[in-house]
Amino acid sequence: MPSSQSRSMPSPVTLSVNGSPVAVPAGATVAVAVAMAGKACRTSVSGEPRGPLCGMGICFECRVSINGRRHCRSCQIVCEPGMEVKTEVKANG
Amino acid sequence: MSSTAYEVVIVGAGIVGAACADEFALRGMRVAVVDRDVVGSGATAAGMGHIVVMDDSEAQFALTRYSQRLWQALRPELPADVEYEQCGTIWVAADEEEMAEVQRKHGYYTRLGVPTTVLDSQALKRLEPNLRAGLAGGLLVPEDAVLYPPCAARFMMERAHKSGTQLVSGSVAEIGQGRVRMSEGIEIAGEIIVNAAGAWSSELTPGIEIKKRKGHLVITDRYPGFLRHQLVELGYLKSAHSVSSDSVAFNVQPRRTGQILIGSSRQYGAEQKDVDHDILRRMLQRAQEYMPGLGSMSAVRTWTGFRAATPDKLPLIGPCPGDTSLFLATGHEGLGITTSLATARILVDGITDAKAEIPIEPYLPSRGWKESVHA
């Protein structure tokens, strides 16, 4: 993986994941914010944790709720300041 | 050939055929069921699975209510995967004209012993907060239920199988005169042949007036709590009765998973299975007019199916004129899941000379039979 340390980091974006603030580099996807918060994106019907598998919007394993809208693919959505992200942890979720 | 001789051979392993097999088997008869596909794979798998009392006519009311009671009696025996949920139906009234229909329906159901509750605008909003504001009200029918039809059909076939019913896989070329001839040429003999082939039944029994009426459905991802009852617009009465043109109506159903089934559409003369994107768009627009929140949901699958429609909106149950061995159990249009159990009961009652619990005359195939056609 190429190092990004030589480039200047853009100013961070702060959003909330399950109510806790998380700061991510501008341009990061919501999947990054969820990972930085140490959470699984969702829980499968059989109760297993799920997170980004394909990273390109095909597998639907990285779904989270964003600003109250459920089943958003976190790997395809760029973080915005103040976004409220909730992981989908309930069975049947 | 004695090895292939049955008392009853049923063509079609949809929910109607399965219910008939179960009923014949319960009364100790030797039964075979023939289908070209797996159990419950036609309209049974394509439809919503609504156990609903309807009152387009007295005969329709009698059959749907009788059948609903049979479902209620069967409920303790149904496996969990049948997902029987008594969520109730709400008939949604958009305006005062439709509220008048709510009152009429309430009066009719009350007279005939079906509990209902009239909902004003606020009460409707409390029960279903995701309906748009400004609707006039509705009628709650709490004994209506939903289930997952393919598993219900499988349950009935398995139960029939335990009583000795055989399931035969293959395409049927011809039926009648005490036998079912398969496409490969094999013949299965039966004293009684039952055509339960749904939208395809008129191909096997020319002369019966069954037309394919195409429908579309959409199922969403899981949104638990968004929808609690089966909701049907009362404008549906206007559109579903329009026999000539394509129509859509708001009709949504909550599944146990939190998924939402979104319907409905009705089209005659559309014989291809393909999704028709124009009618799908109209159907989803109609749904969003009632529940705007549906518009931001993810749909996971869209499909079509064919209802077996008759001209008078009643099924054909009983002996087929012109062939003493042939019986019909078809033409249930959009109510086959509801009326499958009653269909099986009254068909087998008629054949075994038992007294049926409801008058069977309105469903007899001999009504409106075209003598000139079946010759």
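Residues numbered from 1 in each chain as written. Chains lettered and ligands numbered in written order. Predicted model: local features only at pLDDT ≥ 70, side-chain atom pairs only at ≥ 80, totals over all residues.

**Some words on the pairing of strand β2 (residues 31-35) of chain B**
Residues and elements named next belong to chain B. Just so we agree on the cut-off: Each residue is classified by how many other C-beta atoms fall within 10 Å of its C-beta atom, where C-beta atoms are placed from the backbone; a count of 20 or more means buried, 12 or fewer means exposed, and values in between mean partly exposed. Numbering of helices and strands starts at the N terminus; helices are DSSP runs of H or I of at least 4 residues and strands are runs of E of at least 2. Criterion used throughout: strands pair if DSSP finds at least two bridges between them. When the strands point away from the viewer and the path from the first strand over the helix to the second turns clockwise, the crossover is right-handed.
Among the five residues in β2, five count as buried, and that is most of the element. Burial along β2 is two-sided: the face carrying Val31, Val33 and Asp35 and the face carrying Ala32 and Val34 are both buried. With four bridges joining them, strand β1 (residues 5-11) and β2 adopt parallel strand pairing. Among the inter-strand pairings, Ile10 is bridged to a residue of β2, identified as Val33. As a crossover connection, the stretch from β1 through helix α1 (residues 15-26) into β2 is right-handed. Alignment of β2 against strand β8 (residues 166-169), held across four bridges, turns out to be parallel. Residue pairing in the sheet places Val34 in a bridge with Val168 of β8.

**Points about the domain arrangement of chain B**
How big an interface is tends to be stated in terms of accessible area lost as the parts join. Residue and element names in this part refer to chain B. As a reminder of what qualifies: For the domain bounds, the source is a domain assignment made automatically or taken from a database. A residue pair is marked as a contact if its C-beta atoms, positioned from the backbone, fall within 7 Å.
Along its sequence, chain B is carved into domain 1 (2-47 + 149-209 + 313-374) and domain 2 (86-143 + 211-309). Computed over C-alpha atoms, the centres of domain 1 and domain 2 are 30 Å apart. Taken together, the contacts link eleven residues of domain 1 with ten residues of domain 2.

**Some remarks on the environment of Ala308(B)**
All names here are of chain B. On the secondary structure map, Ala308 appears in strand β16 (residues 299-309). Given 29 C-beta atoms within 10 Å, Ala308 falls into the buried group. The sequence separation of Ala308 and Glu209 amounts to 99 residues, and the corresponding C-alpha distance is 9.5 Å. Other than its neighbours up to four places away in sequence, Ala308 contacts Ala43, Gly198, Ala199, Ser201, Ile210, Thr330, Gly331, His332 and Glu333.

**Regarding unusual backbone geometry**
A cis amide bond links Gly263(B) with the next residue in sequence, Ser264(B), at an omega value of 0°. Its location among the elements puts Ser264(B) in strand β15 (residues 259-268). For Asn18(A), which is not glycine, the phi dihedral falls at a positive 50°. The topology assignment puts Asn18(A) in the loop between β1 (12-17) and β2 (20-25). Even without glycine at this site, Lys313(B) takes up a positive phi of about 70°. A residue is classified by how many C-beta atoms lie within 10 Å of it, and Lys313(B), with 19 of them, is partly exposed.

**So, the nonpolar core**
Stated precisely, the cut-off is as follows: A set of buried residues drawn from Ala, Val, Leu, Ile, Met, Phe, Trp, Tyr and Cys, joined through C-beta atoms within 7 Å, is what defines a nonpolar core.
One finds Val11(B), Cys20(B), Ala21(B) and Val31(B) to be the most contacted residues of the largest nonpolar core, which totals 116 residues. Both of domain 1 (2-47 + 149-209 + 313-374) and domain 2 (86-143 + 211-309) of chain B provide at least three residues apiece to this core. One finds Ala33(A), Ile66(A), Cys72(A) and Cys75(A) within the second-largest nonpolar core, a separate group that totals 17 residues.

**Quick word on helix α9 (residues 277-290) of chain B**
Residues and elements named next belong to chain B. Operational definition: Expected helix span is computed as 1.5 Å times (number of residues minus one). By construction, the arc corresponds to the directions joining the helix axis to the C-beta atoms.
Taking 1.5 Å as the rise per residue, α9 with 14 residues should run 20 Å; its terminal C-alpha atoms sit 20 Å apart, in good agreement. The complete set of buried residues in α9 reads Ile279, Met283, Arg286, Ala287 and Tyr290. For α9, the angular spread of buried residues about the axis comes to 100°, placing them on one side. Exposed and facing more than 90 degrees away from the buried side of α9 are His277, Asp278, Arg281 and Gln285. Close packing links the buried residues of α9 with β4 (89-93), β12 (211-222), β13 (230-233), β14 (247-254) and β15.

**Concerning the pairing of strand β9 (residues 172-176) of chain B**
All names here are of chain B. Pairing analysis gives four bridges linking β9 to strand β10 (residues 179-182), with the strands arranged antiparallel. Residue Gly176 lies in a different strand from β10, and its bridge partner there is Arg179. Linkage of β9 to β10, two consecutive antiparallel strands, is achieved through a turn of two residues, within which Gln177 is found at a positive phi near 50°.

**Here's the deal with the interface of chain A and chain B**
For the record, the criterion: Polar here means any residue other than Ala, Val, Leu, Ile, Met, Phe, Trp, Tyr, Cys and Pro, which are nonpolar, and Asp, Glu, Lys and Arg, which are charged; Gly is therefore polar.
If you look at the interface, chain A gives five residues, while chain B gives eight residues. Per-class residue counts for the side of chain A that touches chain B are no nonpolar, three polar and two charged.

**A closer look at the packing of α1(B) against helix α6 (residues 149-162) of chain B**
Residues and elements named next belong to chain B. Rule in force here: Here, axes are lines fitted to C-alpha atoms. For helices the fit covers the stretch in contact, and angles between N-to-C directions go from 0 to 180 degrees. Here is the rule for angles: anything less than 35 degrees is roughly parallel, anything more than 145 is roughly antiparallel, 65 through 115 is roughly perpendicular, and the remaining ranges are oblique. Handedness of a helix crossing follows the sense of rotation of the near helix relative to the far helix, less than a right angle counterclockwise being left-handed and clockwise being right-handed.
One way to put it is that α1 packs onto α6 with a least axis distance of 8 Å and a crossing angle of 25°. By the angle class used here, α1 and α6 are roughly parallel. Handedness of the crossing formed by α1 with α6: left-handed. Across from Ile15, Ala18, Ala19, Ala21, Asp22 and Ala25 in α1, the residues of α6 making contact are Pro149, Ala152, Ala153, Met156, Met157, Arg159 and Ala160. Across the contact of α1 with α6, the residue classes tally to eleven nonpolar, no polar and two charged.

**What about the packing of helix α3 (residues 58-74) of chain B against helix α10 (residues 336-351) of chain B?**
Residues and elements named next belong to chain B. With their axes 7 Å apart at the nearest point, α3 and α10 run at an angle of 95° to one another. Judged on the interaxial angle alone, α10 and α3 are roughly perpendicular. Residues Leu63, Thr64, Tyr66, Ser67, Gln68, Leu70, Trp71 and Leu74 of α3 touch α10, and the partners they reach there are Thr338, Thr339, Leu341, Ala342 and Arg345. Classifying every residue of the contact of α3 with α10 gives seven nonpolar, five polar and one charged.

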